[in-house]
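# Architecture at a glance
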Amino acid sequence: MRIAPFLVAGMLVLALAGCVPSGGHGTASPSASATPVFSSDEEALKAAEAAYAAYLRVSAEITGDGGANPSRIDPLVTPAQASREHETYSYFSSNSLHTNGSPAFSA
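Residues numbered from 1 in each chain as written. Predicted model: local features only at pLDDT ≥ 70, side-chain atom pairs only at ≥ 80, totals over all residues. Heavy atoms only, no water.

## Here's the deal with the overall build of the protein
Across its full length, the protein carries three helices and zero strands. Moving toward the C terminus, one meets the helices and strands of the protein in the order α-α-α. The buried share among the 107 residues of the protein stands at 13%. Long-range contacts, defined as pairs at least 24 residues apart, comprise 44% of the intrachain contacts of the protein with a sequence gap of at least 6. In the form shown here, the protein has an accessible surface area of approximately 8,500 Å², with 62% of it arising from carbon and sulfur atoms. (Helix = DSSP H or I, 4+ residues; strand = E, 2+ residues; numbered from the N terminus. Buried < 20%, exposed > 50% of the residue type's maximum accessible area, 1.4 Å probe, protein only. Contact = heavy atoms within 4.5 Å. Areas by Shrake-Rupley, 256 points an atom, 1.4 Å probe, with all protein chains shown as cover.)

Take a look at the structure:
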């Protein structure tokens, strides 16, 4: 009788057993007292629209000025996004580009 196939099969079973989680599935527990930032969806939408309008206005001012003083955008975006915005404005500046007009959006 050949023992090698049984030995290989046993090793495979042991190896696969190590891939199975030993405990139950962990779940995140909800926070006990999560306080909403806004009192309603309408209030949240209004704040988002105002923030986006401010972003568009300042971005247009910077590109209209040929990329000058790009730090004006910093209070309106995350630090990671500010870095990307500065690269864009630097492109405007180094290529003597600027925009005309004012942006608009409708909700």
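## Side note on the pattern of salt bridges
The tally for this structure, following the rule as stated, stands at two salt bridges. Across the pair Arg57 and Glu61 runs a salt bridge whose closest N-O atoms are separated by 3.2 Å. Pair noted here: Arg57 and Glu61 are both in helix 2 (residues 41–64), with a separation of four residues, about one helical turn. In this structure Arg57 comes out as partly exposed when scored by relative accessible area, which is 45%. Classification of Glu61 by relative accessible area gives partly exposed; the value is 34%. Residue Arg72 pairs with Asp65 through a salt bridge whose shortest N-O separation is 3.0 Å. (Salt bridge = Lys/Arg side-chain N within 4 Å of Asp/Glu carboxyl O.)

## Topic: the side chain of Ser59
Here Ser59 lies in helix 2. Among the residues examined, Ser59 registers a relative accessible area of 14% and is labelled buried.

## Looking at the packing of helix 2 against helix 3 (residues 79–94)
One way to put it is that helix 2 packs onto helix 3 with a least axis distance of 10 Å and a crossing angle of 30°. Between helix 2 and helix 3, the angle falls in the class roughly parallel. Side by side, helix 2 and helix 3 meet where Tyr55, Ser59, Ile62 and Thr63 of the first sit next to Glu85, Tyr89 and Phe92 of the second. For the contact of helix 2 with helix 3, the per-class residue count stands at four nonpolar, two polar and one charged. (Axes fitted to C-alpha atoms, helices over the stretch in contact; angles between N-to-C directions. Parallel < 35°, antiparallel > 145°, perpendicular 65-115°, else oblique. Nonpolar A, V, L, I, M, F, W, Y, C, P; charged D, E, K, R; others polar.)

Coordinates in, geometry out; function isn't part of it.
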